[in-house]
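Tertiary structure, described
Here's the letter readout for the chains.
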Amino acid sequence: MREVYGVRRFTVEADVEPDAEPSTVVMQCAVCGKSGPAVELPRPCAPASREAARRSAAGWVREHRKTNREHFTYRLVETHPYRLVPGGWL
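Definitions and limits used
- Residues numbered from 1 in each chain as written.
- Predicted model: local features only at pLDDT ≥ 70, side-chain atom pairs only at ≥ 80, totals over all residues.
- Heavy atoms only, no water.
- Helix = DSSP H or I, 4+ residues; strand = E, 2+ residues; numbered from the N terminus.
- Buried < 20%, exposed > 50% of the residue type's maximum accessible area, 1.4 Å probe, protein only.
- Contact = heavy atoms within 4.5 Å.
- Areas by Shrake-Rupley, 256 points an atom, 1.4 Å probe, with all protein chains shown as cover.
- Core = buried A, V, L, I, M, F, W, Y, C linked by side-chain atoms within 4.5 Å.
- Pairing = 2+ DSSP bridges.
- Axes fitted to C-alpha atoms, helices over the stretch in contact; angles between N-to-C directions.

**Re the overall build of the protein**
- For the protein, the count of helices and strands is one helix and five strands.
- Helices and strands appear in the protein in the N-to-C order β-β-β-α-β-β.
- Structurally, the protein occupies a C-alpha span of about 65 × 30 × 15 Å along its principal axes.
- By residue count, 26% of the 90 residues in the protein fall in the buried class.
- Considering only contacts in the protein between residues 6 or more positions apart, those separated by 24 or more positions represent 69%.
- Summed over all atoms, the accessible surface of the protein reaches about 6900 Å², with 55% contributed by carbon and sulfur.

**Side note on the environment of Val61**
- With respect to the element layout, Val61 can be found in helix H1 (residues 47–67).
- Residues Val61 and Tyr74, 13 residues apart in the sequence, show an inter-C-alpha distance of 8.0 Å.
- Leaving out residues up to four positions away in the same chain, Val61 has contacts with Met27 and Tyr74.

**Some thoughts on the nonpolar core**
- One finds Val25, Met27, Cys29, Val39, Leu41, Ala53, Ala57, Trp60 and Val61 forming the largest nonpolar core, which totals nine residues.
- At the level of secondary structure, the elements contributing two or more residues to this core comprise strand S2 (24–29) and H1.
- Considering each element in turn, this core owes the most residues, four residues, to H1.
- Excluding its chain neighbours within four sequence positions, the residues that come into contact with Leu41 are Ser23, Thr24, Val25, Arg50, Ala53 and His80.

**A short note on the sheet that holds S2**
- Strand order across the open sheet formed by three strands is S3-S2-S4, with antiparallel pairing between neighbours. Each edge of the open sheet carries a strand with a single partner, namely strand S3 (39–40) and strand S4 (74–79).
- Pairing between S2 and S3: two bridges, direction antiparallel. Each residue of the ladder has a partner; that of Val25, found in S3, is Val39.
- Together, S2, S3 and S4 form the strand contacts of H1, whose direction differs from that of S2 by roughly 25°.

Written out as C-alpha cells, the structure is:
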C-alpha cells in the first residue's frame, strides 16, 4: 500500500470571526505571579476603550498591594485570538 502526503502553507491571522475568543487585558504581579481578573476588550476596539480596559485591569494592583506591601512590579498582559488560515498546496 502506498501513502501520499501533501504539504500545505498556512498563514497566521488575527481571528475576527464572530465566534472568536475575546481579546483581554489583565494585570499580573511580577513578584508572585498572581493575576487580577481579565477585562474583555469590546469589538471593534477603539483606542479610548482599550485605555479604559487597561485602567480597569490596573485597579486590581491596589487590592493586591493591600496584602502584599513589598510587591512593586507588575505587568500588563494583553491576549488576542489568532488562527491558522490554510493556503495553497506545495
